[in-house]
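# Structure at a glance
Each chain, letter by letter, is given below.
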Amino acid sequence: MGGGAAAWELARRGLRVLLIEKGRGDFPQGGPQQIAIEPEAADHRLAMGRWPSRIRAGIDGRTSDVWPSLGCGLGGSSTLYGAALGRMESIDFEPRRLENGTQVNWPFRYPDLEPYYLRAEEIMRVCGGVDSLNRKAKYELRSPPAMSDNDRFFFGAMQQSGLHPYRIHVSIDYLPDCTECGGHVCARDCKGDARNRFVEPAVRNFGLSVRTRTEVDRLELDARNVAGVWVQDKSKTGVSSEPELIRARVVVLAAGALFTPVVLQKSVSEKFPHGVGNDADLVGRYLMFHASDFIAAYPRGRHDRSGPSRTLALRDFYEVDGEKLGEIQSTGLSAGY
């Protein structure tokens, strides 16, 4: 949610800011928007906050046209996420030696980031518990609602096995009848995202300007700097508008991990024949997916499942013998037959 947060902070400091968005600025109100089959129509997808078209992906020599797991609209993919906002840990910023012998050093350490984590968690209204394995970290989280009997069983079983579960950190207000809205836009703004926590407050309070249904094609480059962006109006389906140049003193490019490289590669000039920042031909390469495994767990006996479903996390295996294995957390999904 970098773009919305950056726009909020810059507008809060008194700058004139224009936020340009490919998708919609609003989403239809109503009930949950879970889908069993991906809709094909672009307008239907945009109304659900989803990327409107397939993208071509080449993996291991095979090419496929796939629906990307990307949001499109104010708030971007944060409107679809599962609301988990866990921090990184101190070990993530320690010097690390790669297999080829190169040492990677971060320009800052975890204590430098902690004040910003606290501020972000305040703005996003994060609730959750403290990881007993990371007592040195400072937290000011809201208290989450009580777990269901089903999740209390799992919590106790993990503790009896010597593990250290804690309440997962999520940006959810838990209004009455909250379904947590993982994978779709929250119709009541109960789930915190970049739209309802940053963009809309900046429009109301700090004069942020927003232009939706407008796609950024490439950056405008002068002899030394980025001088603006070339855009196309996408408000009329099936109608191609003329490219339009929007000039700006400062440009923040926040098009996500997939499309930020696309814009940079398309932004060519005499000085940047291969795109901005791409002299080494590395822009767009070495992108990473979530490396995830899904594990279905069933409790002994029958237990009431009413209540929140995104409740548990543990970091007992976050780092083992120098290898980072990550976090285990409940997804909120039901593992039915």
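These figures come from a predicted structure and were not determined experimentally.

## Topic: the pattern of salt bridges
A full pass over the atoms with the stated rule returns 24 salt bridges. With its nearest N and O atoms 3.2 Å apart, the salt bridge here joins Glu215 to Lys22. Of the two residues, Glu215 is situated in strand E8 (residues 214-221) and Lys22 in the loop between strand E1 (18-20) and helix H2 (42-47); the sequence distance between them amounts to 193 residues. As a salt-bridge pair, Asp92 and Lys324 come within 2.8 Å of each other at their nearest N and O atoms. Of this pair, Asp92 sits in the loop between strand E3 (62-66) and strand E4 (96-97) while Lys324 sits in strand E13 (residues 323-324), and the two are 232 residues apart along the sequence. Classification of Lys324 as partly exposed rests on a relative accessible area of 38%. Three or more residues are tied together by salt bridges with common partners; here these are Arg125, Arg142, Asp173 and Arg197.

## Some points on the nonpolar core
By size, the foremost hydrophobic cluster in this structure holds 31 residues, and its most contacted members are Leu19, Val170, Ile172 and Leu208. Listing elements by their share of this core, those giving two or more residues are helix H1 (2-12), helix H3 (110-123) and helix H5 (194-206). Once residues within four sequence positions are removed from consideration, Val170 is found in contact with Ala83, Ala84, Arg125, Val126 and Cys127. Leu219, Leu221, Ile246 and Phe272 belong to the second largest nonpolar core, which has ten residues in total.

Reading the values: the criteria
Residues numbered from 1 in each chain as written. Predicted model: local features only at pLDDT ≥ 70, side-chain atom pairs only at ≥ 80, totals over all residues. Heavy atoms only, no water. Salt bridge = Lys/Arg side-chain N within 4 Å of Asp/Glu carboxyl O. Helix = DSSP H or I, 4+ residues; strand = E, 2+ residues; numbered from the N terminus. Buried < 20%, exposed > 50% of the residue type's maximum accessible area, 1.4 Å probe, protein only. Core = buried A, V, L, I, M, F, W, Y, C linked by side-chain atoms within 4.5 Å. Contact = heavy atoms within 4.5 Å.

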